[in-house]
Amino acid sequence: MSDASSGEDLADLELSADTMREMGANVLERCIDHVARLGEAVSCGNVHDIEAIRSARLALPEIGMPIDPLLDRLFGEWIPRSFTTPGPGYFAYVPGGGLYATALADLIAETTNRFVGVWPAAPALAEIEASVIDWIAQWMQFPSAARGLLTSGSSMSTWIAITTARECRLGTRIREGVAYVSRQTHHCVAKALRLAGIAADRVRVVPTDATYRMDLGALRDAIEADRAAGLCPFFAVSTAGSVHFGAVDPMDEVADIAEEYGLWHHVDGAYGGFFHVVPEFRTILRGLPRADSLALDPHKGLFLPYGTGALLVRDGRDLRRVHGASADYLPSNPDDEVYDIASYGPELSRPFRGLRIWLPMMLYGAARFRAAIAEKRSLAVLAHERIAALPNVRVALPPTLSLFAFRIEHPDRSPEDNDRSTRDLIAGVTALGRVMISGCRESGRDFARVCVLSFRSRRTQIEQLVADVAEVAARTGRT
Ligand SMILES: *Cc1c(COP(=O)(O)O)cnc(C)c1O
């Protein structure tokens, strides 16, 4: 951008208004063009060409360069070498899409670059973030004493929840504390427990029933056994939509048991929590509003770009008790009632996350989010109906929310052969380039899974998915 020999002031990093406008227009044009072409993009880019991938490792230039060749390589070579996560045919893992309004919100947040870590530095912006948490808490029917935090994702939310529970319930008696998860609990919980100082020998993996929901009798037995051994059961996790099969734990009953034994009940709503926005789905998620803490991923169920997680804690004072801190060099918080973000979580300096949820919410309004979430479930139900009707397909569990898993089962073949056919099906469907699905292994068997949660996935893509699964499944029958 500058040339040392021209006698330019190298330390002046500010751009002229015209340069900013020009660069901005250039970037915007490419982004919009990228979104406009998502429908025709291959559903999974070539992520195996190591040579081309390594080309992204450039040496740091001593003298800066113009933006155009960089954008050419980004948009032309490196971005396409990935799973097309924002594409309409993305049914792998847990989609979301990534609403454009959030990109604009980030542009505003990062060009204005205000400090929202402490309330006095940008009080109105902290209020915006507080209102986003209030909206989410109302959707989840949490009490008015609830407080929360916007995080980078559910892994962080889970770790913050566990640390908070550990500090409030165990204090210095960490080694006595026991946590209860199920066989279907997401692996980020085991990781967060470890990071929070709860060792693996204090984590009980409770079995699940035939529909992959936590076995309540087994949970109760495990708690009783630990109590009898002089340990301190303190934390239980329910999942509102598991990643393998979309199973929803009996949260109401787990809440009863947690209450009876004095456990902190955490709900992992990373994938399924936002289905609670739709009143008709609240019976499926019965008991969710009783959680002591709830992890949510707006980058899944609210269709926002990655890096948007949320945590709600039923009694907001618990979050403050654990994260409250003050320093003599910072402006002090005038009032405990205001939302001083750094007092509710581990970070001090952080991006202004509130805006990336607030802007799309204000632009679309709640009704359109409700409609989109409801539609994703209908589409999954439709996809399930069609795929379950195909020959030699066995569904593990019909969609509770918007995800289901299935496998190829030829009655006259060994389970191992059917595993192979199932893996071939996943690869074959994705290789057709129109939709992408992923798989999972459960009790030693392979399954293909379909998760409908991108706002860009509509009826057309479901028809395509069903057609492609049918085509490839028929092929596996002939080998
Ligand atoms: C995605 C997911 C997580 C992890 O959340 P991140 O936002 O990726 O950190 C945890 N639990 C479930 C059920 C998930 O779907």
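Overview of the structure. (Residues numbered from 1 in each chain as written. Predicted model: local features only at pLDDT ≥ 70, side-chain atom pairs only at ≥ 80, totals over all residues. Heavy atoms only, no water.)

### Quick look at the packing of helix H13 (residues 366-388) against helix H15 (residues 459-476)
When two helices pack together, their arrangement is given by the angle between their axes and by how far apart the axes lie. Two elements in contact, H13 and H15, have axes whose closest approach is 10 Å; the angle formed by their N-to-C orientations is 20°. Here H15 runs roughly parallel to H13, going by the angle between their axes. Taken as a pair, H13 and H15 cross one another with a handedness that is right-handed. Contact with H13, carried on its side by Leu379, Leu382, Ala383, Arg386 and Ile387, involves Arg459, Ile462, Glu463, Leu465, Val466 and Val469 of H15 and no other residues of that element. (Axes fitted to C-alpha atoms, helices over the stretch in contact; angles between N-to-C directions. Helix = DSSP H or I, 4+ residues; strand = E, 2+ residues; numbered from the N terminus. Parallel < 35°, antiparallel > 145°, perpendicular 65-115°, else oblique. Left-handed = near helix turned anticlockwise from the far one by under 90°. Contact = heavy atoms within 4.5 Å.)

### A few points about the site of the ligand
In the region of the ligand, 14 residues are neighbours, and Ser154, Ser155, Asp268, Asp297 and Lys300 sit closest. Within the contact set of the ligand, an oxygen atom lies 2.6 Å away from a side-chain nitrogen or oxygen of Ser155. Taking Asp268, its side chain carries an N or O atom lying 2.6 Å from a nitrogen atom of the ligand. Summarising the interface, the protein chains cover 85% of the accessible area of the ligand, which totals 380 Å² for the free molecule. Sorting the residues of the shell around the ligand by element identifies helix H6 (154-169) and helix H10 (298-301) as the ones contributing at least two each. Among the residues forming the shell around the ligand, the class breakdown is five nonpolar, six polar and three charged. (Near = heavy atom within 4 Å. Polar contact = N/O pair within 3.5 Å; in protein donor to acceptor, adjacent residues only side chain to side chain. Areas by Shrake-Rupley, 256 points an atom, 1.4 Å probe, with all protein chains shown as cover. Nonpolar A, V, L, I, M, F, W, Y, C, P; charged D, E, K, R; others polar.)

### Section: the packing of helix H5 (residues 123-139) against helix H12 (residues 354-364)
Following both chains from N to C, one finds H5 and H12 inclined at 65°, their axes separated by 9 Å at the closest point. H5 and H12 meet at a crossing whose hand is left-handed. For the pair H5 and H12, the contacting residues are Ile128, Glu129, Ser131, Val132, Trp135 and Trp139 in the first and Gly354, Ile357, Trp358, Met361 and Met362 in the second. Of the residues assigned to the contact of H5 with H12, the class counts are eight nonpolar, two polar and one charged.

### Looking at the sheet that holds strand E3 (residues 203-206)
Across the sheet, seven strands lie side by side as E1-E7-E6-E5-E4-E2-E3; this open sheet has mixed pairing. Bordering the open sheet on either side are strand E1 (147-151) and E3, each of which pairs with just one other strand. Each strand axis lies, on average, 20° off the axis of its neighbour in the sheet, ignoring direction. Pairing of strand E2 (residues 177-182) with E3 involves four bridges; the strand directions are parallel. Looking across to E3, one finds that Ala179 is bridged to Val203. Along the sheet face, helix H9 (residues 251-261) touches strand E4 (232-239) and strand E5 (264-269) and points at about 160° away from the line of E5. (Pairing = 2+ DSSP bridges.)

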